[in-house]
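So the chains spell out like this:
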Amino acid sequence: MMENIAVALEEVSKHYDGGPEPVAAVSEVSLRIPAGEFVAVLGPSGSGKSTLLNLIAGLDSPTAGRILVGGRDLAYLGDNARSDLRLREIGFVFQSFNLFPTFTAEENVAWPVEFLRVRWREARRRAEAALAQVGLPPAVACRRPAQLSGGEQQRVAVARALVTEPRLLLADEPTGNLDSQTGQTILDLLRRLNVERHLTVVLVTHNALAASHAQRTVELHDGRIAREARGTITIMFSDIVGFSAMTERLGDVRVQEILHTHCAIVREQIAVYGGFEVKTQGDGFMIAFAGARRALGCAVAIQRAMAAYDEHAEAPVRLRIGLHTGEATREGYDFFGRSVIVAARIAAAARGGEILVSSLVRELTGGAKEFAFDGGRELELKGLSGLQRAFAVEWEPGRDPVRAHGVHREHADGHGPVLHPVASFPHLAAPHLAAR
Ligand SMILES: Nc1ncnc2c1ncn2[C@@H]1O[C@H](COP(=O)(O)OP(=O)(O)OP(=O)(O)O)[C@@H](O)[C@H]1O
Ligand SMILES: [Mg+2]
């Protein structure tokens, strides 16, 4: 099936040959940005971030390679068609703002709307609303750029990029001149538009905290993508205890049925709790969540659903689940790193019917105040140094360990409790799962 790709770069290079020495500003960059994704582009000064953004916006042409925006190959668009694409579908925040010096702030924001043949009164109204969204008071609206502070000019630039309600926002350091509070307001706005309006965001930033709003970070070094960066996620591993023995005892056909039911139950809960199915092998699942609370809620729901199924089954299916939160490196649809191994080891140490979590997960989910845990036990994690304290969650119905608001609260603000999750996986999960 076709994924909906907002931006695709295929081995794109941009070289400048005019100066005393040729500069490879961007070299062989391949990148796919699904519609609705929030991507942060990081990298040192001179690494090619602005060049990359200009190329995607069609403000600059690549020396080699192919760039598709909304499925259209920029190389085949004439100047007018490109301008039209920029005007209608792309919002661009320039690193140097690029405001018209003779226009007031409001006029700077209103003109793209007027270009779309909206009557000026309506254009003004939208400009006013956009300026308010970025936290600029009406008094600022009638001043010219020279009468505005750097941070105010930057916010005018953001308002201008958003006023046309673009599908794709390309923002070059949009918070570089802002204090942390105002910067946070802008980032929250972008995140909200990303979630609510499915706005695709490519955010160039030097700031790791700003980047933590993104689902994915791309790091440039000397014009090349250095690595897909790391993010904080909660990993869940689950499998059926004694699955091989069960196969011996019940035979392939019966076990196949049990396996199907088990997979259906697990997948249903993954969907409910917004998890991302990283991989499956037989009865084993690896699932990633943006937040620990969501992950634990899902684990409890799975155990309860399995227990309900067991009541009618001839052979009880005992599931063990392990959870751990930490930094992981994402590559494509997979995750790597120590945290992933820790999660797998914790799951392996769990007994049938148990949900075993690391102490960090226990903390992140509100600890004993929100869920009921046992006293914990020290685990020696094979192949890893140090001990890991793990706690079993008491999930049986009737004991009701989960406070009802737990999961919803996290859905509402979209953030993990203490750490900054890089990913919110529902966007990712859809094309991936549909491909099965
Ligand atoms: N028009 C140009 N002619 C020659 N070289 C250029 C031109 N524009 C950019 N470069 C060079 O290309 C490289 C990448 O520049 P770019 O502006 O993309 O970096 P950047 O990552 O945005 O840096 P910063 O964080 O400082 O904004 C730099 O070495 C820069 O000097
Ligand atoms: Mg730049």
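Coordinates for the structure precede this section.
Residues numbered from 1 in each chain as written. Chains lettered and ligands numbered in written order. Predicted model: local features only at pLDDT ≥ 70, side-chain atom pairs only at ≥ 80, totals over all residues. Heavy atoms only, no water.

### Observations concerning the overall build of the protein
- Scanning the protein for helices and strands turns up 15 helices and 18 strands.
- Counting only residues that meet the buried cut, the protein has 53% of its 436 residues in that class.
- Counted over contacts in the protein with a minimum sequence separation of 6, partners at least 24 positions apart contribute 71%. (Helix = DSSP H or I, 4+ residues; strand = E, 2+ residues; numbered from the N terminus. Buried < 20%, exposed > 50% of the residue type's maximum accessible area, 1.4 Å probe, protein only. Contact = heavy atoms within 4.5 Å.)

### Quick word on the pattern of salt bridges
- A complete count under the given rule lists 17 salt bridges for this structure.
- Of the charged contacts, one joins Arg66 and Asp73 as a salt bridge, the two residues approaching to 2.7 Å between their closest N and O atoms.
- Residue class for Arg66 comes out partly exposed when judged on its relative accessible area of 41%.
- Ionic pairing is found between Glu122 and Arg126, a salt bridge with its closest N-O pair at 3.0 Å. Here Arg126 and Glu122 lie together in helix H4 (residues 120-133), a separation of 4 residues that amounts to about one turn.
- For Arg126, a relative accessible area of 32% puts it in the partly exposed group.
- What emerges from the salt-bridge pattern is a single network uniting Glu122, Arg125 and Arg126. (Salt bridge = Lys/Arg side-chain N within 4 Å of Asp/Glu carboxyl O.)

### Things to note about the side chain of Thr234
- Structurally, the position occupied by Thr234 is in strand E11 (residues 230-240).
- Judged by its relative accessible area of 1%, Thr234 is buried.
- Within the local environment of Thr234, its side chain forms a polar contact with the side chain of Thr325, the two groups lying 2.8 Å apart.
- Setting aside anything within four residues of it in sequence, one finds Thr234 in contact with Ile287, Ala288, Phe289, Gly291, Ala292, Ala295, Leu323, His324 and Thr325. (Polar contact = N/O pair within 3.5 Å; in protein donor to acceptor, adjacent residues only side chain to side chain.)

### Quick look at the coordination of the magnesium ion (ligand 2)
- Every protein donor of the magnesium ion (ligand 2) is accounted for by Ser50 (OG) and Gln95 (OE1), and the metal-donor separations fall at 2.0 to 2.3 Å. Of this pair, Ser50 sits in helix H1 (residues 49-56) while Gln95 sits in the loop between strand E6 (90-93) and helix H3 (105-115); the two residues are 45 residues apart in sequence, bridging distant segments of the chain. (Donors = N, O, S within 2.8 Å, 3.2 Å for Na, K, Ca; no water.)

### Some points on the sheet that holds strand E4 (residues 64-69)
- If you trace the 4 strands from one edge of the open sheet to the other, you get E2-E1-E4-E5, paired in antiparallel fashion. One side of each edge strand has no neighbouring strand; the edge strands of this open sheet are strand E2 (23-34) and strand E5 (72-73).
- Bridging between strand E1 (residues 5-16) and E4 involves 5 bridges; their strand directions are antiparallel. Note that in E4 the partner of Leu9 across the bridge is Ile67.
- Here H1 sits on the sheet and contacts E1, E2 and E4; the angle it forms with E1, its principal contact strand, is near 125°. (Pairing = 2+ DSSP bridges. Axes fitted to C-alpha atoms, helices over the stretch in contact; angles between N-to-C directions.)

### Topic: the pairing of strand E7 (residues 168-172)
- With respect to burial, E7 is a largely interior element, 5 of its 5 residues being buried.
- Where E6 and E7 come together, 4 bridges link them in parallel fashion. Within the sheet, the bridge partner assigned to Gly91 lies in E7 and is Leu169.
- Relative to strand E8 (residues 200-204), E7 runs parallel, the two being bridged by 5 bridges. Within the sheet, the bridge partner assigned to Leu170 lies in E8 and is Val202.
- Chirality of the crossover, the property in question, places the unit of E7, helix H7 (residues 180-196) and E8 among those that are right-handed. (Right-handed = clockwise from strand over helix to strand, strands pointing away.)

### Details of the side chain of Ser27
- In this fold, Ser27 is placed in strand E2.
- Once residues lying within four places of it in the same chain are set aside, the contact partners of Ser27 are Val12, Ser13, His15, Asp222, Gly223 and Arg224.

### A word on the nonpolar core
- Counting 41 residues, the largest nonpolar core has Val109, Val156, Leu162, Leu169 and Leu203 as its most contacted members.
- Examining the composition of this core, we find that 6 residues originate from one element, helix H6 (residues 150-162), more than from any other.
- The contact partners of Val109, leaving out residues within four places of it in the chain, are Ala127, Ala130, Leu131, Val156, Ala159, Arg160 and Val163. (Core = buried A, V, L, I, M, F, W, Y, C linked by side-chain atoms within 4.5 Å.)

### Considerations on the packing of aromatic side chains
- All chains considered together, the criterion is met by 7 aromatic pairs.
- Ring geometry for Phe92 against Phe94: centres 4.4 Å apart, planes inclined by 50°, an arrangement best described as tilted.
- Both rings, one in Phe100 and one in Phe103, keep their centres 5.0 Å apart while their planes meet at 55°; by these two values the pair is tilted.
- Among the aromatic residues, ring-to-ring pairing joins Phe100, Phe103, Trp111 and Phe115 into one connected group.
- For Arg121, the ring lying beneath its charged end belongs to Trp120, and the centroid distance is 5.7 Å.
- Directly above the ring of Phe391 sits Arg362, whose terminal nitrogen or CZ lies 4.5 Å from the centroid. (Phe/Tyr/Trp six-rings, centres within 6.5 Å; stacked < 30°, edge-to-face > 60°. Lys NZ or Arg CZ within 6 Å of the ring centre and 35° of its normal.)

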